[in-house]
Amino acid sequence: MQKEEVKVTEVKEAAKTAAKAVETKAAPKKAAATKKAVEAKTAVKTTAKKTVAKAAAKTVAVKSKTIIQYQNHEVDSALVEEKVKAQFVSEGHKASSIKTINIYVKPEEYSAYYVINEKFSGRVDLF
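Cut-offs applied
- Residues numbered from 1 in each chain as written.
- Predicted model: local features only at pLDDT ≥ 70, side-chain atom pairs only at ≥ 80, totals over all residues.
- Heavy atoms only, no water.
- Helix = DSSP H or I, 4+ residues; strand = E, 2+ residues; numbered from the N terminus.
- Contact = heavy atoms within 4.5 Å.
- Expected span 1.5 Å × (residues − 1).
- Buried < 20%, exposed > 50% of the residue type's maximum accessible area, 1.4 Å probe, protein only.
- Arc of directions from axis to C-beta.
- Salt bridge = Lys/Arg side-chain N within 4 Å of Asp/Glu carboxyl O.
- Pairing = 2+ DSSP bridges.
- Axes fitted to C-alpha atoms, helices over the stretch in contact; angles between N-to-C directions.

## A few points about the overall build of the protein
Scanning the protein from terminus to terminus reveals three helices and five strands. The order of α-helices and β-strands along the protein, N terminus first, is α-α-β-β-α-β-β-β. Within the protein, counting contacts between residues at least 6 apart in sequence, those at least 24 apart form 33% of the total.

## Side note on helix α3 (residues 77-90)
Here α3 contains 14 residues, and its C-alpha end-to-end distance of 20 Å stays within 8% of the 20 Å for a straight helix at 1.5 Å per residue. Looking at α3, one finds that the buried residues are Val80, Val84 and Phe88. Seen along its axis, α3 keeps its buried residues to an arc of 75°; they face one direction. Away from its buried face by more than 90 degrees, α3 exposes Glu82 and Ser90. Each element contacted by the buried residues of α3 is listed here: β2 (73-76), β3 (101-106), β4 (111-116) and β5 (120-125). Directly beyond the C-terminal end of α3, a positive phi value near 100° is found at Gly92.

## Brief notes about unusual backbone geometry
Backbone geometry follows two general trends: most residues other than glycine have a negative phi, and most peptide bonds adopt the trans configuration. In this structure, Gln71 takes a positive phi of about 40° despite not being glycine. Counting through the fold element by element, Gln71 comes out in the loop between β1 (67-70) and β2.

## With respect to the pattern of salt bridges
Counting across every chain of the model gives three salt bridges. Between Asp125 and Arg123 there is a salt bridge, and its shortest N-O distance comes to 2.8 Å. A residue is classified by how much of its surface remains accessible, and Asp125, at 42% relative accessible area, is partly exposed. Looking at Arg123, the relative accessible area reads 37%, which means it is partly exposed.

## A few points about the sheet that holds β5
Taken in spatial order, the three strands line up as β3-β4-β5 in an open sheet, and their pairing is antiparallel. For this open sheet the edge positions go to β3 and β5, each flanked by a neighbour on one side alone. In this sheet, neighbouring strand axes are inclined to one another by 20° on average, regardless of whether the strands run parallel or antiparallel. Bridge analysis of β4 against β5 gives six bridges, and the strand direction is antiparallel. Residue pairing in the sheet places Val115 in a bridge with Ser121 of β5.

Listed below in structure tokens is the structure:
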């Protein structure tokens, strides 16, 4: 935080110096002040990007598991997805061709309906 505050102060000072250079019509001073301001802004942006990258790296991924229960039966949603993919592949398609999968669970029918790549559809048993 302190490094960023210092760099922001440097940018403000460089901007003031550039404004004074314009007032006094001192072109060489203006160029030096402008160059310093640009360098300071670049340094602030670089520091900010590094800080954001570090924060993103520290983010912990949350693991979740969804269980579908219906009348003394239960099935994991990941297992349903695996069944859908296995059936799709058994129909002669390539697993690598799957871009989207929409699964609609109907526990009262003990089945799940699916649509793959908004083109192929089918049904698998849940339990």
